[in-house]
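Structural description and commentary
For reference, the chains in residue letters:
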Amino acid sequence: MRKISVTYRLILLAVAMVLIVGTGDLAYSAKPSNDNVLTVVLEAGGGGSFDFIASDTGGGPFYIGGTLFDLETEAELGDFQCWGWFFTASRRMVTQEYNLGERGTILLAGEEIPNPFGIIGGTGDFKNVRGQAEFEFVAEGVLVHFDLS
């Protein structure tokens, strides 16, 4: 009967560990289920909160605020802040903050058109969040779907 050397056993163990860890990463990186999606209704620009300072090139910095509501109960949840830079009418780089009251905030950043935006951080219940947000325009305002992972 042939003996397997200690070195060969260590190599087999290392290969097995790589396969196990690799399989775990594939399962972990799978798209989140619908349980990880938080949707709020955004009513932007209420009370004339849109500000824009035009530059010589036609673009410039802007700010807009708004109010967030629960999709199901229509209860007010918090407020929305968005600021950034217009490069052209169809190209805007923005940062957005969604303040969801006692639950905390979710921060997004990216190019406003097209969807989606990257979630870059948060506070409170959302302090370790990552994922993306997509927007759906409806009669009530904008539905913001946070795909949290």
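What counts and what doesn't
Residues numbered from 1 in each chain as written. Predicted model: local features only at pLDDT ≥ 70, side-chain atom pairs only at ≥ 80, totals over all residues. Heavy atoms only, no water. Helix = DSSP H or I, 4+ residues; strand = E, 2+ residues; numbered from the N terminus. Buried < 20%, exposed > 50% of the residue type's maximum accessible area, 1.4 Å probe, protein only. Contact = heavy atoms within 4.5 Å. Areas by Shrake-Rupley, 256 points an atom, 1.4 Å probe, with all protein chains shown as cover. pLDDT = per-residue confidence, 0-100. 1 Å grid on protein atoms, 1.4 Å probe; cavity = no way out; pocket = protein on both sides within 12 Å on 5 of 7 lines; lining within 4 Å. Points joined across faces, edges and corners; volume = space filled by probe spheres on them. Nonpolar A, V, L, I, M, F, W, Y, C, P; charged D, E, K, R; others polar. Pairing = 2+ DSSP bridges. Core = buried A, V, L, I, M, F, W, Y, C linked by side-chain atoms within 4.5 Å. Salt bridge = Lys/Arg side-chain N within 4 Å of Asp/Glu carboxyl O.

Turning to the overall build of the protein, a few remarks are in order. Secondary structure assignment for the protein yields 1 helix and 9 strands. Overall, the protein shows an N-to-C arrangement of helices and strands of α-β-β-β-β-β-β-β-β-β. Counting every position in the protein, which comprises 149 residues, the buried fraction comes to 28%. Intrachain contacts of the protein at a sequence separation of at least 6 include 31% that bridge at least 24 residues. When the accessible surface of the protein is totalled, it reaches about 9,900 Å², and 59% of it is carbon and sulfur.

Low pLDDT means the predicted coordinates in that region are not meant to be read closely. Looking at the protein, pLDDT values average 77 and 75% of them are 70 or higher. Considering only residues more than four positions removed or in separate chains, one finds that residues 1-33, a stretch of pLDDT under 50, has 6 contacts.

Turning next to the layout of surface pockets. Computed from the structure, the largest pocket encloses a volume of approximately 380 Å³. Forming the walls of the largest pocket are 18 residues, and the residues nearest its centre are Gln96, Glu112, Phe135, Phe137 and Val142. Of all the secondary-structure elements, those providing two or more residues to the lining of the largest pocket are strand S1 (37-44), strand S3 (60-70), strand S4 (76-88), strand S5 (91-99) and strand S8 (131-138). The residue makeup of the lining of the largest pocket, split by class, is 14 nonpolar, 2 polar and 2 charged. Within this model, the second largest pocket holds a volume of roughly 160 Å³. Forming the boundary of the second largest pocket are Leu38, Thr39, Val40, Asp70, Leu71, Glu72, Leu77, Leu100, Gly101, Glu102 and Arg103. No other element matches S1, which puts 3 residues into the lining of the second largest pocket.

The next point concerns the pairing of strand S9 (residues 141-148). Counting buried residues along S9, 7 of its 8 residues qualify, which places the element largely inside the surrounding structure. In terms of strand pairing, S1 meets S9 through 6 bridges, oriented antiparallel. Residue pairing across strands places threonine 39 opposite histidine 145, the latter belonging to S9. In sequence, S8 turns back onto S9 through a hairpin of 2 residues.

Here we take up the nonpolar core. Counting 24 residues, the largest nonpolar core has Tyr98, Ile106, Leu108, Val144, Phe146 and Leu148 as its most contacted members. Mapped onto this core, the elements with two or more residues apiece are S1, S3, S4, S5, strand S6 (105-111), strand S7 (117-122), S8 and S9. The biggest single contributor to this core is S9, with 4 residues. Sequence-distant contacts of valine 144, defined by excluding residues within four places in its chain, comprise Leu38, Thr39, Val40, Leu42, Tyr98, Ala133, Glu134 and Phe135.

A positive phi angle, close to 65°, is found at glutamate 74, a residue other than glycine. In this structure, glutamate 74 sits in the loop between S3 and S4. Assessed through its relative accessible area of 63%, glutamate 74 is described here as exposed.

Here threonine 105 shows up in strand S6. The contact partners of threonine 105, leaving out residues within four places of it in the chain, are Glu97, Tyr98, Asn99, Gly121, Gly122, Thr123 and Phe126.

Here we come to the pattern of salt bridges. The full count for this structure, using the stated rule, is 3 salt bridges. Close ionic contact of glutamate 112 with arginine 92 constitutes a salt bridge, the shortest N to O distance being 2.3 Å. Highlighted residues: glutamate 112 in the loop between S6 and S7 and arginine 92 in strand S5, separated in sequence by 20 residues. What makes arginine 92 buried here is its relative accessible area of 14%.

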